[in-house]
Amino acid sequence: MKQWYAIYTAANAEQKLYKRVIASGIEAYLPLERITRQWSDRKKVIVKPIFKSYLFVYQDIDDYYTVTRFPGFLQYVRFGNKVSVISDSEMRLMKLIVDSVNSKKITAGLIKGDKVRIVSGSLKGYVGVLIKFEGESKVALHIKNLKHSFVLNIPMDNIVRC
């Protein structure tokens, strides 16, 4: 049975390891973001991993040790003595968050700390917590088995208090 695992990679080896894993026939996911960097003489758009030194692989037990032989692999992410398995629903959530580029600001209404459910849009059905950063209302969605949260701007009419 295939499951999603997080791999901890060597520094700056995420993209090379991703290519090797894919070339071996194992499904992998490397969340990337585009950032515009400004130098004194030019601007350049660069692509970099959202999670530094992380790669996600979808594999069964037969491929578990195959990935460990690739250059750039350090270890499977563990919490305690157990290798962290990321559920399909959490991976879908992560992919939706990474893919949702055009989110809007929350304008007013709910109180900081309220548990909210997203009722429309690509993240419909997910539950998060309303938080505030620098005067802007935002929603944090937590990926439990990765122990990481995403902070998003969600339109006010797309969320309701749980």
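Provided above is the structure to which this section pertains.
Counting restarts for each chain, with residues numbered from 1 along the sequence as it is written. Note on the predicted model: pLDDT of at least 70 is required for a residue's local features to be given, and 80 or more for side-chain atom pairs to be given and counted; whole-chain, interface and lining totals, by contrast, use all residues. The side-chain figures draw on all heavy atoms in the structure; neither hydrogens nor water molecules are used.

Draft legend 1. A look at helix H2 (residues 88–99). Put simply, DSSP marks the helices as runs of H or I at least four residues long and the strands as runs of E at least two long, and each gets a number from the N terminus on. By this rule, a helix spans an expected 1.5 Å times one less than how many residues it contains. Helix length check: H2 (12 residues) gives 16 Å between terminal C-alpha atoms against 16 Å at 1.5 Å per residue, within 8%. Burial in H2 covers these residues: Glu 90, Met 91, Leu 93, Met 94, Ile 97 and Val 98. Projection of H2 onto a plane perpendicular to its axis shows the buried side chains occupying an angular sector of 160°, all on one side. Buried means the residue's accessible area, taken with a 1.4 Å probe over protein chains only, is under 20% of the maximum for its type, while exposed means over 50%, and partly exposed covers the values in between. This arc is built from the directions going out from the helix axis to the C-beta atoms.

Draft legend 2. How the structure looks around the packing of aromatic side chains. Stacked, tilted and edge-to-face pairs are distinguished by plane angle, under 30 degrees for stacked and over 60 for edge-to-face with tilted covering the rest, among Phe, Tyr and Trp rings (Trp via its six-membered ring) whose centres lie within 6.5 Å. For the structure shown, the criterion picks out 10 aromatic pairs. With a centroid separation of 4.9 Å and 80° between ring planes, the pair formed by Tyr 64 and Tyr 65 is classed as edge-to-face. Overall, the relative accessible area of 10% leaves Tyr 64 in the buried class. The exposed category is assigned to Tyr 65, whose relative accessible area is 54%. Three or more aromatic residues joined by ring pairs form one cluster here, namely Tyr 5, Tyr 64, Tyr 65, Phe 73 and Tyr 76. For a lysine, the NZ atom is tested; for an arginine, the CZ atom; a charge sits over a ring if that atom is within 6 Å of the ring centre and within 35 degrees of the ring normal. Over the ring of Tyr 29 we find Lys 95; its NZ or CZ atom is 5.1 Å from the centre of that ring.

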